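One-letter residues, chain by chain:
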Amino acid sequence: MRYIKRRFPRRYRRAGGRRRWVLLIGAAAVIIGLFCERAISGVSPELIQEAARGYVLECVSKAVDAELEADPAPFVRVERESGGQVSMLSADGERLNSLRAGVLERLSRSLKGRATVYVPVGSLTGVGLFNGRGFPVPIKLQLEGSAVVEFSTEFTGAGLNQTCHRLVMTVQARACSPSRRFETSVEAEASTVLAETMVVGQVPKLNIQP
């Protein structure tokens, strides 16, 4: 009996090749996922803490930037004498209180609830050479956080007979994750210069009570 060799059209052969590549890529993704899941289970508390601190600082930065973009007007009014010298610096207390309330409101939402932090895959291998390298691996945390916003003023020398005055906002935030798997507690602080004034000659009076 003669066997007849069947030849499949080229498009079918290409489709079969694509399916094999899809299966290989899918298998590789599953293997990488299992490796990451196993490695995450043994991740060090220090690594989780550092990732959580980075998340908290990012939340603070976003909250401050959003509030400043919504109200970009100057927070300090400068009064000058007839000769042009600065005689008084006064802050808009109402707007500063509004800024504080807006930042705290945003942080109350972003620092409470489920959050995703990222750890470089190389840090999960335990190999020092790969530490901090590779694509980010997401880790879910259940956070409880709070924040405090304070304002302060400072004078610094800026040259001969010159003084630089700054109005600074400092945000202190803390968050904790009570999860048994990823238990951590972090504190972070970030400062933002809200106003900067160059003063020539005598230091002026201050009327800044935020």
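Note that the structure is a prediction, hence the values are computed from the model and not measured.

Caption draft 1: Spotlight on the overall build of the protein chain. Along its length, the protein chain carries three helices and seven strands. Moving toward the C terminus, one meets the helices and strands of the protein chain in the order α-α-β-β-α-β-β-β-β-β. Counting over 210 residues, the protein chain shows a buried share of 31%. When the accessible surface of the protein chain is split by element, carbon and sulfur atoms take 52% of a total near 14,300 Å².

Caption draft 2: Fine view of the sheet that holds strand E4 (residues 136–157). Strand order across the open sheet formed by four strands is E3-E4-E5-E6, with antiparallel pairing between neighbours. In this open sheet, the two edge strands, each paired with only one partner strand, are strand E3 (113–120) and strand E6 (184–200). The average angle at which neighbouring strand axes cross in this sheet is 40°, direction not considered. As paired elements, strand E5 (residues 162–177) and E6 share 16 bridges and run antiparallel to each other. Looking at E6, one finds that histidine 165 is bridged to threonine 197. Of the strands in this sheet, E3, E4, E5 and E6 are in contact with helix H2 (residues 45–70), which crosses E6 at around 35°. Strands E4, E5 and E6 of the sheet are contacted by helix H3 (residues 93–110), whose axis makes an angle of about 165° with E4.

Caption draft 3: Representation of the nonpolar core within the structure. One finds Val103, Leu107, Leu141, Met169, Val171 and Leu194 to be the most contacted residues of the largest nonpolar core, which totals 38 residues. Of all the secondary-structure elements, those providing two or more residues to this core are H2, strand E2 (86–91), H3, E3, E4, E5 and E6. Of all the elements, H2 adds the most residues to this core, at nine residues. Setting aside chain neighbours within four positions, we find valine 171 in contact with Val60, Val64, Val103, Leu107, Val148, Val149, Ala188, Glu189 and Ala190.

Each value, and the rule that gives it
Sequence order as written defines the numbering, with residues in each chain counted from 1. Local features are withheld for residues below a pLDDT of 70 in this predicted model, meaning they are given only at 70 or higher, and side-chain atom pairs are given and counted only at 80 or more; totals for whole chains, interfaces and linings count all residues. Side-chain measures here rest on the full set of heavy atoms in the structure, leaving out hydrogens and waters. Strands are runs of DSSP state E lasting at least 2 residues, helices are runs of H or I lasting at least 4, and numbering of each runs from the N terminus. Relative accessibility decides the category of a residue: with a 1.4 Å probe and only protein chains considered, values under 20% of the type maximum give buried, values over 50% give exposed, and everything between is partly exposed. The Shrake-Rupley method, run with a 1.4 Å probe sphere, supplies the accessible areas, and residue values consider only the shown protein chains as cover. Pairing between strands requires that DSSP locate at least two bridges from one strand to the other. Angles shown run from 0 to 180 degrees and are taken between the N-to-C directions of axes, each axis being a line fitted to C-alpha atoms and, for helices, limited to the stretch in contact. Any two residues whose heavy atoms approach within 4.5 Å at even a single point are treated as in contact. Here, nonpolar core means buried Ala, Val, Leu, Ile, Met, Phe, Trp, Tyr and Cys residues that are tied together by side-chain atoms lying within 4.5 Å of each other.

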